[in-house]
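Below are the chains, spelled out letter by letter.
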Amino acid sequence: MGYNVAVVGATGAVGEELFRVIEEYKIPVKKMVPLASARSVGKEIEFAGKIYDVKELTCDVFEEEDIEIAFFSAGGSVSAKFAECAAKAGAVVIDNTSYFRMKEDVPLVVPEVNPEDIALWKKTGIIANPNCSTIQMVLALKPLHDEFGIKRVDVATYQATSGAGKKGMEELMEQNRAVFNFKLEEEVKNRKAFAHQIALNVIPHIDSFMDNGYTKEEMKMVNETNKIMHSNIAVSATCVRVPVLRSHSEDVCIHCEKEVDVDRAREVLDAFEDVEVMDDIKHNVYPMPIISTDTDITYVGRIRKDLFDDKILHLWVVADQVRVGAATNAVRIAKKWIEMEGDK
């Protein structure tokens, strides 16, 4: 018993992580089909102790291979062209790109937050995976919203270079090497992933700017949060790229309807699925990227009440955005989908 599974974008950073997470979460796979562009055909992927050749992504391949679950992680333009082909062939599509997220008939899912929305997949055959920075934030917001009611969220992100894919990580490492070789200026001239030097720097600019002064990345957090949580929370985001390889961090300021209790906030956060509180400031214990990287946990710390308003809570959220913010969330969606379909 198992499913025919395809991974679109098999050779990318998230695609490679998907193979690991699918195996770790014991998704029952009968046949694995790695898919990518024509230039990647012939490359090999290892999954569950076996080697698979990468096949070319076409509209016909989903029907030819009788694909039942298709993970898409190859960019919005690829999803726009091929996701509906997979759905028409009978597969449930779990899409990691931004292309379908805000489409009305496509559920946008974080399984710990809104698992019931998975049932809406049959409308289009597609389930959208939210933006990485949104996922870890709503995992922290959901239990607090249930407890205190949330009116507004102001968030500043500190996003790792892996959010820009392999090229982002490579650019940071190349510039770091150049620092020690006294050739940074020369290396910065060759930059491709970021608008400015990323080594020894922070860049308050992720994705393109919009007419309202916010970037597309920031507006994703605004719009996606409310779609996932079925809420009307006011959200303002400032998204910043930092010279870290992996795992995003977020400083979150939460305005609540009720007076907040810090001890109760810690309790509900720590009890929430896949969230862990790390908040022992006496011993310098708090979330950091080196702790969250290569884990499936969203870590929360520095939990404190505002000095001037008893209805405001501040906290620090860190998670591995390649796993929690992409591959793991997608696989958790698939696992929940399998459970729901199996119950019918």
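Look above for the structure.
Summarised in this report is the structure supplied together with it. Note that the structure is predicted; figures quoted are calculated from it, not measured.

### Digging into the environment of Pro287
Item 1. With respect to the helices and strands, Pro287 occurs in the loop between strand S12 (275-277) and helix H9 (289-292).
Item 2. Sequence-wise, Pro287 and Ile45 are 242 residues apart; in three dimensions their C-alpha atoms are separated by 33 Å.
Item 3. Each residue touching Pro287, except ones within four places of it in the same chain, is listed here: Met278, Tyr299, Val300, Gly301, Trp316 and Val318.

### Notes on the sheet that holds strand S2 (residues 29-36)
Item 1. Spatial strand order, S5-S2-S1-S6-S7-S8: six strands in an open sheet with parallel pairing. A strand with exactly one partner marks an edge of an open sheet, and here the two such strands are strand S5 (55-56) and strand S8 (126-128).
Item 2. One ladder, built from six bridges, connects strand S1 (residues 3-8) with S2; its direction is parallel. Along S2, the bridge assignment pairs Asn4 with Lys31.
Item 3. Lying over the sheet, helix H1 (residues 13-24) contacts S1, S2 and strand S6 (69-72), oriented at roughly 155 degrees with respect to S1.

### Regarding helix H5 (residues 166-180)
Item 1. A rise of 1.5 Å per residue sets the reference length of H5, with its 15 residues, at 21 Å; its end C-alpha atoms lie 22 Å apart and thus fit the reference within 8%.
Item 2. Of the positions making up H5, those classed as buried are Gly168, Glu171, Leu172, Gln175 and Ala178. On an axial view of H5, the arc spanned by its buried residues comes to 125 degrees, and they lie on one face.
Item 3. Packed against the buried residues of H5 are helix H6 (184-188).
Item 4. Positive backbone phi, approximately 55 degrees, marks Phe182, located one or two places after H5.

### Notes on a negative patch on the surface
Item 1. On the surface, a cluster of negative charge is made up of Asp60, Glu63, Glu64 and Asp66.
Item 2. You can see Asp66 is positioned in the loop between helix H2 (61-64) and S6.
Item 3. In this structure Asp66 comes out as partly exposed when scored by relative accessible area, which is 47%.

### Side note on the nonpolar core
Item 1. With 63 residues, the main nonpolar core has Phe62, Phe72, Leu144, Val153, Leu269, Ile303 and Leu315 as its most contacted residues.
Item 2. Every residue in contact with Leu144, bar those within four places of it in the chain, is listed here: Gly149, Ile150, Ile254, Ala265, Val268, Leu269, Leu313 and Leu315.

### Re the packing of aromatic side chains
Item 1. Under the counting rule described, the total for this entry stands at seven aromatic pairs.
Item 2. Centre to centre, the rings of Trp121 and Trp337 are 5.5 Å apart; their planes meet at 80 degrees, and the pair counts as edge-to-face. Of the two residues, Trp121 sits in the loop between strand S7 (92-95) and S8 while Trp337 sits in helix H10 (residues 323-342), which places them 216 residues apart along the sequence. With respect to class, Trp121 is no different from Trp337; both count as buried.
Item 3. Above the ring of Tyr99, the side-chain terminus of Lys103 is found at 4.9 Å from the ring centroid.

### Overview of the state of the cysteines
Item 1. Under the counting rule described, the total for this entry stands at one disulfide.
Item 2. Unpaired in this structure, Cys239 has its nearest cysteine sulfur neighbour in Cys132, at a distance of 8.8 Å.
Item 3. Residue classification places Cys239 among the buried residues on the basis of a relative accessible area of 0%.
Item 4. Summary of cysteine pairing: Cys256 is not part of a disulfide, and the nearest cysteine sulfur, belonging to Cys253, is at 9.2 Å.

### What to know about the pairing of strand S4 (residues 50-53)
Item 1. In this sheet, S4 lies alongside strand S3 (residues 44-47) in antiparallel orientation, the contact comprising four bridges. Within S4, the position partnered with Glu46 by the bridge is Ile51.
Item 2. Remark: two residues form the turn of the hairpin made by S3 and S4, two consecutive strands paired antiparallel; Ala48 in that turn has positive phi of roughly 50 degrees.

So, how was this worked out
Residues numbered from 1 in each chain as written. Predicted model: local features only at pLDDT ≥ 70, side-chain atom pairs only at ≥ 80, totals over all residues. Heavy atoms only, no water. Helix = DSSP H or I, 4+ residues; strand = E, 2+ residues; numbered from the N terminus. Contact = heavy atoms within 4.5 Å. Pairing = 2+ DSSP bridges. Axes fitted to C-alpha atoms, helices over the stretch in contact; angles between N-to-C directions. Expected span 1.5 Å × (residues − 1). Buried < 20%, exposed > 50% of the residue type's maximum accessible area, 1.4 Å probe, protein only. Arc of directions from axis to C-beta. Patch = residues over 30% accessible without salt bridge, like charges linked within 9 Å, V, L, I, M, F, W, Y side chains within 5 Å. Areas by Shrake-Rupley, 256 points an atom, 1.4 Å probe, with all protein chains shown as cover. Salt bridge = Lys/Arg side-chain N within 4 Å of Asp/Glu carboxyl O. Lys, Arg positive; Asp, Glu negative; His and termini not counted. Charge placed at Lys NZ, Arg CZ, Asp CG, Glu CD. Core = buried A, V, L, I, M, F, W, Y, C linked by side-chain atoms within 4.5 Å. Phe/Tyr/Trp six-rings, centres within 6.5 Å; stacked < 30°, edge-to-face > 60°. Lys NZ or Arg CZ within 6 Å of the ring centre and 35° of its normal. Disulfide = S-S within 2.5 Å.

Everything listed here is a matter of geometry and, on its own, says nothing about what the molecule does.
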